[in-house]
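Summary of structural features
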Amino acid sequence: MPSLADIRSRFPSLSGSTVFLDNAGGSQLPGCVIDAAGAYLRESYVQLGADYEVSRRATSIVTSAHVFVETFLNARGPTHDLGRVVLASSTSLLCHILAWAYAESRAAHPQGRRNRIFVSTAGHESNIGPWMRLAARGFEVIPWKPAQNGNGDWDLNLSGLRAMLDDQTLLVAFPHVSNILGDIWDAAEAVRLAKAAGARTLIDGVAYAPHRAPDVAALGCDWYVYSLYKVFGPHMAALYGSHEAFAELQGPNHYFIRNDDVPYKFELGGVNHEGAAMIVGAADYYRFLAEQPAVAGTPPRDIFSRAFAVVERLETELQAHLIGNLLRINGLRLWGRTSSGPERVPTVSFTLQGLASRDIAVALNARGLGVRYGHFYSKRLIEDIGLDPDDGVIRASPIHYNSHEEIDRLLDELRRVLR
Ligand SMILES: Cc1ncc(COP(=O)(O)O)c(C=O)c1O
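Structural notes, computed from the coordinates.

**Focus: the overall build of the chain**
Per the secondary structure count, the chain includes 15 helices and 17 strands. For a compact globule of 419 residues, the expected C-alpha radius of gyration is about 22 Å, and the chain comes in at 21 Å, within 12% of that figure. Seen through its C-alpha atoms, the chain measures out along the principal axes to roughly 65 × 55 × 35 Å. Within the span of the chain, comprising 419 residues, buried residues form 57% of the whole. In the chain, of all internal contacts separated by at least 6 residues, the share reaching a separation of at least 24 is 66%.

**Let's talk about the sheet that holds strand 5 (residues 116-120)**
Ordered by their spatial adjacency, seven strands build an open sheet running 4-12-11-10-9-5-6, and the pairing between neighbours is mixed. The sheet is open, and its two edges are formed by strand 4 (83-88) and strand 6 (140-144), each paired on a single side. Shown here is a sheet whose adjacent strand axes are inclined to one another by a mean of 15°, direction ignored. Pairing analysis gives five bridges linking strand 11 (residues 223-227) to strand 12 (residues 237-242), with the strands arranged antiparallel. Of the residues in strand 12, the one forming a bridge with tryptophan 223 is glycine 241.

**Description of the site of the ligand**
The full set of residues close to the ligand is Ser90, Thr91, Ser92, His124, Ser126, Asn179, Asp204, Val206, Ala207, Ser227, Tyr229 and Lys230. One of the backbone N or O atoms of threonine 91 is found 2.8 Å from an oxygen atom in the ligand. Contacts to the ligand include serine 92, whose side-chain N or O atom sits 2.6 Å from an oxygen atom. Looking at the shell around the ligand residue by residue, the class counts come to three nonpolar, seven polar and two charged.

**Topic: the side chain of lysine 230**
With respect to the helices and strands, lysine 230 occurs in the loop between strand 11 and strand 12. This buried residue, lysine 230, is left without a salt bridge; aspartate 22 holds the nearest opposite charge, at 7.3 Å. Of note is the side chain of lysine 230, whose polar atom sits 3.1 Å from the backbone oxygen of glycine 25. The contact partners of lysine 230, leaving out residues within four places of it in the chain, are Ala24, Gly25, Gly26, Ser27, Val206, Pro210 and Ile399.

**Thoughts on unusual backbone geometry**
A negative phi holds for most residues other than glycine; trans holds for most peptide bonds. With an omega dihedral of 15°, the bond running from valine 262 to proline 263 counts as a cis peptide bond. By secondary structure assignment, the location of proline 263 is in the loop between helix 9 (243-247) and helix 10 (273-281). In the Ramachandran plot, asparagine 157 falls in the positive-phi region, its phi being about 75° despite a non-glycine side chain. Mapped onto the secondary structure, asparagine 157 falls in the loop between strand 8 (154-155) and helix 6 (158-164). Unusually for a residue other than glycine, phenylalanine 376 sits at a positive phi of about 55°. As for its placement among the helices and strands, phenylalanine 376 is situated in the loop between strand 16 (372-374) and helix 14 (379-384).

**A few points about the pattern of salt bridges**
Enumeration according to the criterion identifies 25 salt bridges in this entry. Linking aspartate 81 and arginine 84 is a salt bridge whose minimum nitrogen-to-oxygen distance equals 2.9 Å. We classify aspartate 81 as partly exposed; its relative accessible area is 40%. For aspartate 384, the salt bridge is made with lysine 145, and the minimal N-O distance between the two is 3.1 Å. Taken as a pair, aspartate 384 in helix 14 and lysine 145 in the loop between strand 6 and strand 7 (147-148) lie far apart in primary sequence, 239 residues in all. Residue class for aspartate 384 comes out partly exposed when judged on its relative accessible area of 23%. You can call lysine 145 partly exposed: its relative accessible area is 45%. Several salt bridges converge on common partners, so that one network encompasses Asp22, Arg372 and Arg395.

**Quick word on the environment of asparagine 23**
Residue position: asparagine 23 is located in the loop between strand 1 (19-20) and helix 2 (31-43). Asparagine 23 sits in the buried class, given a relative accessible area of 2%. Put simply, asparagine 23 and alanine 103 are 80 residues apart on the chain and 34 Å apart in space, counted from C-alpha to C-alpha. Ignoring any residue separated from it by four or fewer positions in sequence, one finds asparagine 23 in contact with Gln28, Ser397, Pro398, Ile399, Tyr401 and Asn402. Among the polar contacts made by the side chain of asparagine 23, one reaches the side chain of tyrosine 401 at a distance of 2.5 Å.

**Re the packing of helix 12 (residues 301-326) against helix 15 (residues 404-418)**
The relative placement of two packed helices comes down to the angle between their axes together with the axis-to-axis distance. Where helix 12 contacts helix 15, the axes come no closer than 10 Å and their chain directions differ by 15°. Overall, the two elements helix 12 and helix 15 adopt an arrangement that is roughly parallel. Here helix 12 runs over helix 15; the crossing is right-handed. Counting all contacts with helix 12, which are made through Glu317, Leu318, His321, Leu322, Asn325 and Leu326, the residues of helix 15 involved are His404, Ile407, Asp408, Leu410, Leu411, Leu414 and Arg415.

**Side note on the sheet that holds strand 17 (residues 393-396)**
Ordered by their spatial adjacency, four strands build an open sheet running 13-14-17-16, and the pairing between neighbours is antiparallel. At either end of the open sheet lies a strand with only one pairing partner, and these are strand 13 (332-335) and strand 16. Taken pair by pair, the neighbouring strands of this sheet meet at an average axis angle of 35°, ignoring direction.

**Regarding the nonpolar core**
Residues Val69, Leu87 and Tyr286 are the most contacted members of the largest nonpolar core, which totals 81 residues. The greatest single-element share of this core, amounting to seven residues, is contributed by helix 12. Looking at which domains feed residues into this core, each of domain 1 (4-29 + 301-418) and domain 2 (37-285) supplies at least three. Beyond its immediate chain neighbours, meaning those up to four positions away, leucine 87 contacts Ala65, His66, Val69, Leu228, Met236, Ala237, Ala238, Glu267, Val271 and Ile279. Grouped together as the second largest cluster of nonpolar side chains are 30 residues, Ala88, Leu134, Leu239 and Leu249 included.

About the cut-offs
Residues numbered from 1 in each chain as written. Predicted model: local features only at pLDDT ≥ 70, side-chain atom pairs only at ≥ 80, totals over all residues. Heavy atoms only, no water. Helix = DSSP H or I, 4+ residues; strand = E, 2+ residues; numbered from the N terminus. Rg over C-alpha atoms; globule rule 2.2 N^0.38 Å. Buried < 20%, exposed > 50% of the residue type's maximum accessible area, 1.4 Å probe, protein only. Contact = heavy atoms within 4.5 Å. Pairing = 2+ DSSP bridges. Axes fitted to C-alpha atoms, helices over the stretch in contact; angles between N-to-C directions. Near = heavy atom within 4 Å. Polar contact = N/O pair within 3.5 Å; in protein donor to acceptor, adjacent residues only side chain to side chain. Nonpolar A, V, L, I, M, F, W, Y, C, P; charged D, E, K, R; others polar. Lys, Arg positive; Asp, Glu negative; His and termini not counted. Salt bridge = Lys/Arg side-chain N within 4 Å of Asp/Glu carboxyl O. Parallel < 35°, antiparallel > 145°, perpendicular 65-115°, else oblique. Left-handed = near helix turned anticlockwise from the far one by under 90°. Core = buried A, V, L, I, M, F, W, Y, C linked by side-chain atoms within 4.5 Å. Domains from an automatic or database assignment.

What follows is the structure, given as structure tokens:
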């Protein structure tokens with residue numbers, strides 16, 4: 001396994017004094033990803049699809065970015081091809097495009113008579129609001145609320161879903177991991193339940209993908225969305241859809257672009273080219289994590305699995321250190337599981353009795369610690385768990401490249417602020 005010093009040396013920004021603990025907001029970039037943008041802008045900055053050499057190269061980079069993400073998500077491999085990936089600027093935009101497409105396609109697709117959409121309110125608003133708006137377009141949109149389980153932890157509430165699903169259900173939209181609680185939810189079981197009712201599923205994997213390589217083949221979902229800028233990539237996002245799910249929809253791009261020209265039919269104005277180069281440029285970093293030589297081409301899925309096994313190992317130790325020590329602080333309440341095994345990711349939110357999250361976060365910021373406070377756009381969840389959304393929680397979200405010393409700095413400064 002590569003050493004932490006080796007890992008950190010790959011990220012130019014980590015040589016400064018800031019402690020980056022807002023990685024659930026966005027991750028730092030390895031040098032190979034930064035360099036890929038520069039190389040593209042210097043050598044390939046032309047329009048796609050023409051037959052001269054530079055344009056052929058640019059086209060191949062953008063195509064490779066799609067293949068890269070499809071492989072990362074295990075949507076494609078030597079023996080399978082489950083679907084395609086649409087690239088855009090953000091998960092928020094992709095969920096809007098998808099909701100728009102469902103509304104436009106209602107009459108056309110075979111599931112047209114199905115009218116009900118269940119939307120988990122436990123996640124980020126980007127995968128809630130666009131579906132709620134479909135209520136104005138003739139859909140019955142039903143909030144699916146989280147619930148507390150026997151341990152007092154808030155979870156997705158699969159039994160609630162089981163009780164609601166019926167043969168009118170068109171779609172079930174939910175998060176894989178809460179960007180507040182950090183718990184990994186049983187997305188595969190939610191998909192199984194939805195599928196048994198004949199419904200499609202959309203998983204928001206934004207808070208999951210920086211910590212584990214999502215596996216759409218194993219999940220069996222129809223749609224999976226995540227933000228690349230939180231997974232060592234450009235400010236872009238990706239939406240996987242199965243071939244069957246795409247075939248039911250009308251894409252938003254121009255009328256003369258065929259509907260089966262996926263992903264282009266869903267990529268209005270194309271994609272960010274230098275961003276696509278950055279996606280491909282991350283290959284070297286994954287190969288390095290997986291301890292494989294840097295060779296050209298899309299890494300096979302196995303490289304991603306091995307790289308994320310390293311990520312998981314480092315993060316499990318890191319979160320144990322963080323959570324174990326936070327729980328020793330008087331008056332501190334941790335939201336999300338207090339265990340620190342593979343059932344959660346190191347996105348750790350807490351409040352302090354009688355103290356404003358804002359005051360604590362601002363004081364920590366002044367001491368060079370990059371944490372944040374608030375509802376993190378999971379406003380409905382924050383309200384459901386009984387917190388004031390204006391103040392919300394303090395969130396520290398380390399990632400595999402953070403060190404135990406950085407966690408110690410956070411803990412020391414927090415204790416100082418509380419004195
Ligand atoms: C869990 C989750 N889903 C969705 C989003 C929205 O992603 P984007 O900023 O790409 O729209 C975020 C952003 O923080 C998030 O944390």
